[in-house]
Amino acid sequence: MRKMKTPAVLAALMATSLFSIGSMADSIIVQSTTSTKNSGLYDYLLPLVEADTGVTVNVVAVGTGQAIKNAERCDGDVLLVHAKASEEKFVASGYGVSRSDLMYNDFILVGPADDPAGISGSSSVSDSLEKIAVKQAPFASRGDDSGTHKAELRLWKSTAVNPADSSGSWYRETGSGMGATLNVAVGMGAYAMTDRATWTKFGNKADFKILVEGDTRLFNQYGIILVNPAKCPDVKAEAGQKFIDWMISETGQGAIANYKVAGDQLFFPNAK
Amino acid sequence: MVDTQPLQIPRPPSVLAVQGLSLKLTDRTLLKGIELRSFEPGITLVMGANGAGKSLFLRSLHGLLPIEGQVSFAGRPLSETLAEQAMVFQKPTLLRRTVWQNMTFAAPSGSTDAEIENLLRQVHLAEKALEPARLLSGGEQQRLALARALLTRPRILLLDEPTASLDPGSVSIIEKLIRAASDAGVKVIFVSHDIGQARRLASEVLFMHEGRVVEHTPADRFFSAPDSIEARAYLSGELLIKPQTTGSPEQ
């Protein structure tokens, strides 16, 4: 039985009830990471999904960690996040039917134009993080168990620094989403790691710029999973699968590739 | 005809110039419109009670905070001098690698093993070159941090209480290196609470109080006849406490 819905889910459903023409049977909830929403991708894709499949998609955009927890509580029909190890564990534990690669983008390190740590143009993200740490230049971290936060911690593990030793000093955990964390970074002149899509759409860049990009360790893979109806009987499996099938189809993958902001492609489809 | 125009003698650019330096974080103004021109090439000591803004001021001079205003060294803006600056913190961040690898991490291109060995010898760490840096004592870690900073051949060296809580041996080694760097032409700006150390090292003193520089004076004059009431209180060991509006002295 589907458990009590979170306020975010209820809000999404209420919003849907105002605008949805399709039947509730074809209305699904996607537990999602924030970057796909902040980047504007859903605003572009979901009308296409509805036109092609008749499925209305309601998105609950939270950090990846929270999205997985919500799906484990049977809040949602589909999971769309970016933390492959956690996604595979979600499926292995029986909460998901199967996982498909969907698309990728990349993470980047951004910071003030003056670049006090001198990392601009570096091809090594771990070297850059070590320079930031040694210089004790402020670094704003999501600190919210999101996919981006997990990816950032994985990168720190590849360095010779434990940023937790400096928590509250030069290393500041905001406990917030990507947009809020970028605002904090700009406010305090701090470096930050962000997905490129959110950065492209971010409107408060001030003198900040992309300083490090292109390291293969900054690759950011998104996956899509149907929540398992065997664990969560209220899951709208048929509509959920329709949505997934469309997203990984040639049409869906083409639409993802076509989504651009200021001429830049933000996500790169790679469903197999 | 006699030229009556006054003779214009070009003045050299100040070693450090600060114009309207303010720092606001989370709606609090922490540094308040600091104006400063220093022509002193020697060691500048920054002093003041806890919370006066000394560390924030130093970090601002190193480009680590989003300040308003202008900072320049020898007439060049901060954006141009950052690469020639090094800073040593009260709690340095050392890499979880050996002493030697911490040095090579900071080594600019062209530096040699001999240079690294020489610096490690000067901070009495040559024998520990292959030991993990994080297992060093506090004094040793701070000496390594200073050696690492000097390896970058800085023209400006910023030091934020690098000898706080260290044993006298480490303090002596660090002071010797700081003096040698200054003698070699490095501009040193040093935050310290240690009045004895300040007397030993300082050429001039900036005294800060509540986010402002309230006194900027040659060191000998500062210690013999400070101008500001705040500096006099500090040097005599008094705390300047604002009047309490509620509560008893016991509280």
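A. Highlighting the sheet that holds strand β4 (residues 68-73) of chain B. All names here are of chain B. Ordered in space as β2-β1-β4-β5, the 4 strands form an open sheet in which the pairing is antiparallel. Each end of this open sheet is capped by a strand with a single partner; those strands are β2 (28-38) and β5 (76-77). Summarising the sheet, strand β1 (residues 16-25) and β2 pair through 7 bridges and their orientation is antiparallel. Opposite Leu25, over in β2, you have Arg28 as the bridge partner.

B. Summary view of the interface of chain B and chain A. On the chain A side, the residues contacting the 15 residues of chain B number 14 residues. In terms of residue class, the side of chain B that touches chain A is built from 9 nonpolar, 4 polar and 2 charged.

C. Structural view of the domain arrangement of chain A. Residues and elements named next belong to chain A. Entries for chain A in the domain assignment read domain 1 (7-104 + 220-269) and domain 2 (107-218). Computed over C-alpha atoms, the centres of domain 1 and domain 2 are 27 Å apart. Secondary structure elements with two or more residues in the side of domain 1 that touches domain 2: α2 (35-38) and α4 (64-72). A class-by-class count of the residues in the side of domain 1 that touches domain 2 yields 6 nonpolar, 11 polar and 1 charged.

D. Main features of the confidence of the model for chain A. In the predicted model, chain A carries a mean pLDDT of 91, and 91% of its residues have values of at least 70. Contacts from residues 1-5 of chain A, a stretch scored under 50 in pLDDT, to residues over four places away or in other chains number 10 contacts.

E. Looking closely at the pairing of strand β3 (residues 78-81) of chain A. All names here are of chain A. Residues Val78 and Leu80 of β3 are buried on one face, and the alternating residues Leu79 and Val81, pointing to the opposite face, are buried as well. Relative to β3, strand β1 (residues 27-32) runs parallel, the two sharing 3 bridges. From the neighbouring strand, Val30 faces β3, where its bridge partner is Val78. The pairing of β3 with strand β9 (residues 219-227) spans 4 bridges and is antiparallel. Directly across from Leu80, in β9, lies its bridge partner Ile224.

What counts and how
The residue numbers shown here count from 1 along each chain, following its written sequence. All chains are assigned letters beginning with A, and all ligands numbers beginning with 1, in the order in which they are written. A pLDDT threshold of at least 70 governs which residues receive local features in this predicted model, and a stricter bar of 80 or more applies before side-chain atom pairs are shown or counted, although totals over entire chains, interfaces and linings include all residues. When DSSP finds at least two bridges between two strands, those strands are taken to pair. Only DSSP runs of H or I with at least four residues qualify as helices, and only runs of E with at least two residues qualify as strands; both kinds are numbered from the N terminus onward. Contact definition: two residues whose C-beta atoms, as placed from backbone geometry, lie within 7 Å. Under the scheme applied here, ten amino acids are nonpolar (Ala, Val, Leu, Ile, Met, Phe, Trp, Tyr, Cys and Pro), four are charged (Asp, Glu, Lys and Arg), and all others, including Gly, are polar. Domain extents, as shown, originate in an automatic or database domain assignment. Summary of the metric used: pLDDT quantifies the predictor's per-residue confidence within the range 0 to 100. The burial criterion counts other C-beta atoms lying within 10 Å of a residue's C-beta, which is placed from the backbone; the residue is buried at 20 or more, exposed at 12 or fewer, and partly exposed between these limits.

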